[in-house]
4 protein chains.
Amino acid sequence: MSGIAGIIDSRGVAYPLYYALHALQHRGQEAAGISTFDGQAFFMHKGPGQLSEVFCEEILGRLAGNVGVGQVLYTQKAHRGRIENIQPLNFTFKNHKLSVTVSAALINREMLRSEYEGKGHIFSTTTNAELIAAMIAHELISGVSAEEAFVNTMLRLSGAYAGVAILDGILYAFRDPLGTKPLCFGKTGFGHVVVSESVALDILSAVFEADVCPGELLTITQDGVTHRQVLESDHKAYCVFEYVYIARPDSVIDGVLVYDARRKIGACLAKNPPKADLVSPVPDSGIAFATGYASESGIPYIEGLLKNRYVGRAFIMPAQNLRENAVRMKMNPVRRHVTGKSVILVDDSIVRGTTSLRIVDMVKDFGADEVHLRIGSPPIVAPCYFGVDLPTRDELIAAGLDLESIREKIHATSLKYVSTEDLVASIGIPAEDLCMACSGGTFPLDIKNECSCCCRHISPAGQ
Amino acid sequence: MSGIAGIIDSRGVAYPLYYALHALQHRGQEAAGISTFDGQAFFMHKGPGQLSEVFCEEILGRLAGNVGVGQVLYTQKAHRGRIENIQPLNFTFKNHKLSVTVSAALINREMLRSEYEGKGHIFSTTTNAELIAAMIAHELISGVSAEEAFVNTMLRLSGAYAGVAILDGILYAFRDPLGTKPLCFGKTGFGHVVVSESVALDILSAVFEADVCPGELLTITQDGVTHRQVLESDHKAYCVFEYVYIARPDSVIDGVLVYDARRKIGACLAKNPPKADLVSPVPDSGIAFATGYASESGIPYIEGLLKNRYVGRAFIMPAQNLRENAVRMKMNPVRRHVTGKSVILVDDSIVRGTTSLRIVDMVKDFGADEVHLRIGSPPIVAPCYFGVDLPTRDELIAAGLDLESIREKIHATSLKYVSTEDLVASIGIPAEDLCMACSGGTFPLDIKNECSCCCRHISPAGQ
Amino acid sequence: MSGIAGIIDSRGVAYPLYYALHALQHRGQEAAGISTFDGQAFFMHKGPGQLSEVFCEEILGRLAGNVGVGQVLYTQKAHRGRIENIQPLNFTFKNHKLSVTVSAALINREMLRSEYEGKGHIFSTTTNAELIAAMIAHELISGVSAEEAFVNTMLRLSGAYAGVAILDGILYAFRDPLGTKPLCFGKTGFGHVVVSESVALDILSAVFEADVCPGELLTITQDGVTHRQVLESDHKAYCVFEYVYIARPDSVIDGVLVYDARRKIGACLAKNPPKADLVSPVPDSGIAFATGYASESGIPYIEGLLKNRYVGRAFIMPAQNLRENAVRMKMNPVRRHVTGKSVILVDDSIVRGTTSLRIVDMVKDFGADEVHLRIGSPPIVAPCYFGVDLPTRDELIAAGLDLESIREKIHATSLKYVSTEDLVASIGIPAEDLCMACSGGTFPLDIKNECSCCCRHISPAGQ
Amino acid sequence: MSGIAGIIDSRGVAYPLYYALHALQHRGQEAAGISTFDGQAFFMHKGPGQLSEVFCEEILGRLAGNVGVGQVLYTQKAHRGRIENIQPLNFTFKNHKLSVTVSAALINREMLRSEYEGKGHIFSTTTNAELIAAMIAHELISGVSAEEAFVNTMLRLSGAYAGVAILDGILYAFRDPLGTKPLCFGKTGFGHVVVSESVALDILSAVFEADVCPGELLTITQDGVTHRQVLESDHKAYCVFEYVYIARPDSVIDGVLVYDARRKIGACLAKNPPKADLVSPVPDSGIAFATGYASESGIPYIEGLLKNRYVGRAFIMPAQNLRENAVRMKMNPVRRHVTGKSVILVDDSIVRGTTSLRIVDMVKDFGADEVHLRIGSPPIVAPCYFGVDLPTRDELIAAGLDLESIREKIHATSLKYVSTEDLVASIGIPAEDLCMACSGGTFPLDIKNECSCCCRHISPAGQ
């Protein structure tokens, strides 16, 4: 996952980058970084934690310059704690100054790393950003122009990626030919903005211009945006999980308002509803789905579970008898809404099944007669090779079980997942342009059979 | 406001108090404290900030004992920064050990303080808790029993209050005769719990037993709860603002589920609705109201504004052109839901009007044709003498303006407040038992005319 | 111990108090507090930790007013963690505003507490400061003048104390009739300063005026200092431990420069010195003594042990084989200075003997042939009833052992303590005016036999 | 400056590295880092600040492995805030794993960086460590052995350096042929230790074995240390400033105990002493010199200035009249030692002269009749090209002034610097093997004339 932003603004970019990344915080909370360029030198600050832990006003004040890039980082377990991996990464070589930040999962990563090690680069991080930077640098050193350096690099990358970079004061943005990772851009009165999701344009009052096309390279200066279609693909592989899980509901991704896709999915789930007293979302993930379900079914939308607005740490009491409080600190059933009632709970997904089980149990503890669970995504049966941090097959509850067995395990009165057809229709993008590999679809790139060996080979996506 | 809790638990009380106060965090975020008693000595920890900033596991581990009290504190501006005012307060005198924490606004505060200064107590805080402790102590020293000490103290207090105290290892709870401040109790398998709102029982899996009756004193030991009706009143003055604004929607206060009161108010607001495309809450305060409005009107419930899940600091850019971002960091309009649409926005209240104005403007900036604002409380025209931190008359937008003028000032297409009759009917408590002084009702106690002098006299509610 | 300061300064007192307390930091590192008064209201800040952890520039800026008091606090184990005990303490009663901070150990503490509880004060701390405040308050309420209130209070206190207080904008300072706790005052061009040690005058460029006489009360306004001798005593009980251990060497206490007393003690220790290659202090406590020893003996002053300038935490390695590093992180023997040499080490005192043992062993490990230990105080054989935090008799190495046995236990080649006669002569104050109870002298006040009962009674000195 | 350490220890290296770096903390307080290797992977932690701010026990516990390197970093102004420059730096390439940390100032740095950029490495830091790592990597990739890679790299570096590195689990240490930067090694019962100064061996109870010879490469495994003399030089350039200023007095550097060199310098300064009452060090820098002066002259060693043990921040009072307190917070004259006295003050050096002026003035303010200043180094007249952070010529008080003018400027009664001959004799190393360029000696390497251009070229020493 992770969220990226690149901005050119004649008024300075530190504050706009901070705001844009704030709007993308849901894409990664483990680290954050901003690099700016003032025509002469880079200014950079980054560190572990959420944006508000990493940045303060004094630090923003020091990040001078009218062009900059930044990232909020999600880290896969294997890479956690590697502070050197926090992006952006800055490089200096042969009078060039390059700053790169990408969200990427590359299939030919190991092959490329090996090649560029052979060419003389020694890697100080395990990120794809450093690999891509080394590729761009070698192109430049071999004498091609800046734009060709990016083009030649894109031509050699195989996988899913979205990136922004500053090279000698010019801002570049690039997106993989299948469009798996989202990226869009807009303009303000003072410059241009490239971001992972459109909500980051909203917070800057920037006008949405377009999604970066799959396979496209943008070259952005104060004067405007130049487009170059570097790669073509006869089909796309837009990530379905962005629509049901990752992206913010108020984002528009590749033409689709995420909230509306979810609302339509909710409506699809409402065909032949059980007799019930209320439809309630599991907060906050199920809200958009639940509003669609309620509208379609006519069953009233009433919250049966409420989220605690305050974040607290769930300390475990020595006697352990308060362990269940960890869930209750996050959400609380509304007793009178569920006691003696038939409740339809709507959520976005079931991964391991443990959280669903606890929620169903909790609602029953508060007296619900029936708890019907409705899920806005198909069963997840396979890990993601494109960087979404799903657990291994063994841990996925739907990987080895049929619907009835899952229902039994999570104690639900009834259970229904959205069908693939309804999902596709709700999103409104042709099935062949969507990646649904995690729910049993074909993987959009030709990779070897899933096995411990090749998994290791391609999954350490770096960031 | 502020939230209080008192617990007896044979397994220890530090963790249960932490969890209970977490569920009451919305009642006060400026300071927090817990005091426990192990039969011999008090253990106490308190400090400024939210609960999770004040407490860590190591500190909880040190708070020994099977009886304790705690508070999350809201502080009126005039008292901020006075760390000595953070409660609970512990006292030792004549072999007695007393810990007190109250949420109180007393009309005869100054008279009582003066009296007890005359009796020899020198005050080290400006809290009502110290005043009440001094009163209890003098009763004890004069030779009456512990229970009579509390009774005699309650007989002399005039105002709104809810308190818990530990005296020599026994837990006491008391509530003012008008019932203005909420207080209820329940039991676990291991003891008893008294809290400001029932949600704090839920988080402990405690069974709700009853509200503490207005004017009642509870004496609580491991063995059980003794009730004593100390004061009677022919009418009550339950705070309407608790139902529409202060309390958590999943709390049941004096028999009424707050969520349902709000949902019914929303339904009342939906009589003769304007032609509109969607009903949206102002998140999160308007949600319960909006679900009622949508159900009643048949207009679909679709969020036109979404809340950012992450808390960030709104730094002001030097050039100031991003100041409006402060609101956008908290909530974001969903462009496609509002552009070219007629939107009904539902919120709980309008105080100064500045936030409403910014929200209406923001929704219009995103292209809404019409913004109809519906408010779940009547116009607020007077400050509160019972401790709710409302601004002065001058700052209240509704104090001097008629409906049309307010509507104009906040740029809404149309504006409607709930009527007093609908509000009363929605809560389901007779009007004579509700305090609606802030929306123009009679103040339930006989105080002098509102003026700068007497305001000063009674409003410094202490905590 | 603990250090106190009271300042009147027409330019404001927050900064001067911060600087004065910084110079007194060695008297207490566990908490710090400052209270100022601007003619109308108190401003206060306090917290656990060293001064630089408790205060920052922003906080100092808020402490308005031209009169203030402050304390750096040393806490006896039994009272640690009681944040309510951090001084100064502020009180409001009957139009009076009183702030008190004292360093005190009172023999009639329990009797007085009980009496004032009977008179209506309920105690919220275990400090002597609150007791003294309650006494002053009752005098005032009974109608006597401010000055008489202090006088009457002093007349009733039995023990060792030094205190400063603000009452209704006037600064008061008072010292016990035996002079056990030091207190002196001086003036700047802008006001007056009262402090525990003269070094706190130096840092403010204040001119030393005099020690506060034992039994004296000072009343200080912008206009000047009024003296009143409240109590007389035919003998004094100046604390010997101040001269050899507690006070800073650059302080002048009751007419004696501490450094010179220590240097003379060092010279006394040098009678009949062993044959040795060098005299080295145990840093930093032994330095002044060692310079005197070197001058007198003619043996060169060469550091055989050097202190690490940087404070570090001594983490214990899992395998524990680095435990001894805790001492080595603090000081390091200079190998070439000690290998094959006869070393005279000079220190101020031996309490439990554990540190001395480790140091002697360490110097021997680095190759010293002989380690002669010379100690600037007599053997410590009894705890202190006046607030100096010495361990119990059982833990004092000298309590039950003769000189030879102590020497053996700490592995020294030879051991010599200063004699009582030499100590008295070096300080230059008659023996009858010194308290040497901890080294076997008579306790200056008539207390009952030392026993678990009366110890408990008098030793919880409060602060 | 900066301090480095490399350790092999069969019990783990995190704790030993922490302790060793603690002993070297005086060489750099701006950042700290440790990298360990467990046979498979690196573990690293680093950050800005002193060691105790960067590391805690939990973090040390995570740094697994039996070989590791670490650094405490001093940063020249131009490089401050570049967190990416904090060492050690880790690299992965072609199945090699390399971690490097160096203290270096290279004359051919820019030429080498350019060359290796040409060879394909793109730099992400401005450190010499990355440059050296790139050089080693290219050697390895070109097929030479690990040892030859280090040898070939050393052959190409021109300048002053000391470094430690882990390459594929083996520890390497290397030192420049002139020996400008100190480096020594020792052994424990469990492995080997290489450190900047011998005090870091002492803290680990390691036995000193030898200095790393100038131009030598050590290859260190659990089994032992292999020596290889890579470079020879007919003369050395041991840094004189290490002996008088940088190194800890208890360190033995290239055979010389720093304390003794300073003590002998002090004795040299005492030839024909003025008539004076006492010799006092400027604490702590002048202590060793002053003991030598006192012994030689027979004038008593008495501290006229005492250092405050506690670190405090010198807040500047709004009215500014306490600005001078900044110095007084650090040290305090002992009034009775200096009033009416002739004082000889001994210090290690005068750089800008501002601190000396303030100290002389302060001692005179406290009443000294005469202040004779004696300095343990010759006048500093030129900046250092080998990484010691001296100011520019313009700011050096001795650069343009004769002795009498300097004396006048700092208000001293008399002033004397140690002569170059006495300095050399005191250290005991032939003049031709010492670098005294900063006090007017010849620069040991052939560099171009000092000018703004070449200064820029060679001075950004990296770390």
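Residues numbered from 1 in each chain as written. Chains lettered and ligands numbered in written order. Predicted model: local features only at pLDDT ≥ 70, side-chain atom pairs only at ≥ 80, totals over all residues. Heavy atoms only, no water.

### Considerations on the overall build of chain A
1) Next: Tallying secondary structure elements over chain A gives 16 helices and 23 strands in all.
2) Next: Viewed in the frame of its principal axes, chain A has a C-alpha envelope of about 75 × 50 × 45 Å.
3) Next: A buried classification covers 64% of the 463 residues belonging to chain A.
4) Next: The contacts of chain A with a sequence gap of at least 6 include a subset with a gap of at least 24, amounting to 68%. (Helix = DSSP H or I, 4+ residues; strand = E, 2+ residues; numbered from the N terminus. Buried < 20%, exposed > 50% of the residue type's maximum accessible area, 1.4 Å probe, protein only. Contact = heavy atoms within 4.5 Å.)

### Structural notes on the side chain of glutamate 303 of chain D
1) Next: Relative to the helices and strands, glutamate 303 of chain D resides in the loop between helix 10 (287-297) and strand 18 (305-307).
2) Next: With no salt bridge to any partner, buried glutamate 303 of chain D finds its closest opposite charge in arginine 263 of chain C, at an N-O distance of 7.6 Å.
3) Next: Reaching out from glutamate 303 of chain D, the side chain makes a polar contact with the side chain of tyrosine 259 of chain C at a distance of 2.6 Å. (Lys, Arg positive; Asp, Glu negative; His and termini not counted. Salt bridge = Lys/Arg side-chain N within 4 Å of Asp/Glu carboxyl O. Polar contact = N/O pair within 3.5 Å; in protein donor to acceptor, adjacent residues only side chain to side chain.)

### Section: helix 1 (residues 14-23) of chain D
1) Next: A large share of helix 1 of chain D lies buried, amounting to 10 of its 10 residues.
2) Next: Every buried residue of helix 1 of chain D is accounted for by Ala14, Tyr15, Pro16, Leu17, Tyr18, Tyr19, Ala20, Leu21, His22 and Ala23 of chain D.

### Some words on the pairing of strand 1 (residues 3-9) of chain D
All names here are of chain D.
1) Next: Taking burial as the measure, the 7 residues of strand 1 include 7 buried ones, the bulk of the element.
2) Next: Both faces of strand 1 are covered, namely the face carrying Gly3, Ala5, Ile7 and Asp9 and the face carrying Ile4, Gly6 and Ile8.
3) Next: The pairing of strand 1 with strand 4 (residues 67-73) spans 6 bridges and is classified as antiparallel. Bridge pairing links glycine 3 to valine 72 in strand 4. (Pairing = 2+ DSSP bridges.)

### Comments concerning the interface of chain B and chain A
1) Next: Listed as interface residues are 66 residues of chain B and, on the opposing side, 67 residues of chain A.
2) Next: For the pair chain B and chain A, the summed buried surface comes to about 5,800 Å²; carbon and sulfur atoms form 55% of the total.
3) Next: In this structure, the connection of chain B to chain A is made through 2 salt bridges.
4) Next: In this structure, the salt-bridge partner of aspartate 202 of chain B is arginine 335 of chain A, at a minimum N-O distance of 3.7 Å.
5) Next: At the boundary of chain B with chain A, the tally comes to 17 residue pairs in polar contact (both at pLDDT 80 or more). (Buried area = accessible area lost by both parts, 1.4 Å probe.)

### Points about the interface of chain C and chain B
1) Next: On the chain B side, the residues contacting the 24 residues of chain C number 25 residues.
2) Next: Its largest share of buried area at the contact with chain B, chain C owes to Lys94, Glu117 and Ile122 of chain C, together 29% of the area lost on that side.
3) Next: Between the two partners, chain C and chain B, sit 0 salt bridges.
4) Next: The tally of links from chain C across to chain B stands at 11 residue pairs in polar contact (both at pLDDT 80 or more).
5) Next: Per-element tally for the side of chain C that touches chain B: the top contributor is helix 5 (residues 128-141) of chain C, with 5 residues.

### Comments concerning the arrangement of the chains
1) Next: A gap remains between chain A and chain C, with no contact made and the closest C-alpha atoms lying 16 Å from each other.
2) Next: The two units chain B and chain D remain apart, with a minimum C-alpha distance of 15 Å.

### What to know about the relation of the copies chain B and chain A
1) Next: You can overlay chain B on chain A at an RMSD of 0.0 Å; the transform is a turn of 180° with a shift of 0.0 Å along its axis. These values place the two chain copies in the arrangement generated by a two-fold rotation axis. In terms of C-alpha distance to the rotation axis, chain B has tyrosine 301 of chain B as its closest residue, with the C-alpha 4.2 Å off the axis.
2) Next: Interface residue correspondence from chain B to chain A reaches 100%, placing this contact among same-surface, isologous pairings. (Least-squares fit on C-alpha atoms with pLDDT ≥ 70 in both.)

### Some remarks on the relation of the copies chain C and chain B
1) Next: For the pair chain C and chain B, the superposition axis carries a translation of 0.0 Å, the fit reaches an RMSD of 0.0 Å, and the rotation angle comes to 179°.
2) Next: Interface overlap between copies is the fraction of interface residues in one copy that are interface residues in the other; for chain C against chain B it reaches 100%, indicating a shared surface.

### Considering the domain arrangement of chain A
Residues and elements named next belong to chain A.
1) Next: According to the domain assignment, chain A consists of domain 1 (3-233) and domain 2 (242-443).
2) Next: With centres defined by C-alpha atoms, the gap from domain 1 to domain 2 works out at 33 Å.
3) Next: If you look at the interface, domain 1 gives 20 residues, while domain 2 gives 16 residues.
4) Next: The contact between domain 1 and domain 2 buries some 1,400 Å² in all, and 49% of this surface belongs to carbon and sulfur atoms.
5) Next: Remark: the boundary between domain 1 and domain 2 carries 2 salt bridges.
6) Next: Its salt-bridge partner being glutamate 242, residue arginine 27 comes within 2.7 Å of it at the nearest N-O pair.
7) Next: At the junction of domain 1 with domain 2, the criterion picks out 9 residue pairs in polar contact (both at pLDDT 80 or more).
8) Next: A class-by-class count of the residues in the side of domain 1 that touches domain 2 yields 7 nonpolar, 6 polar and 7 charged. (Domains from an automatic or database assignment. Nonpolar A, V, L, I, M, F, W, Y, C, P; charged D, E, K, R; others polar.)

### Description of unusual backbone geometry
1) Next: A cis amide bond, omega 5°, links glutamine 87 of chain C with the succeeding residue proline 88 of chain C.
2) Next: With respect to the helices and strands, the residue proline 88 of chain C is situated in the loop between strand 4 (67-73) and strand 5 (89-93).
3) Next: Despite not being glycine, aspartate 168 of chain A has its phi angle at roughly 50°, a positive value.
4) Next: Among the structural elements, aspartate 168 of chain A can be located in the loop between strand 7 (159-167) and strand 8 (170-175).
5) Next: Residue classification places aspartate 168 of chain A among the partly exposed residues on the basis of a relative accessible area of 34%.

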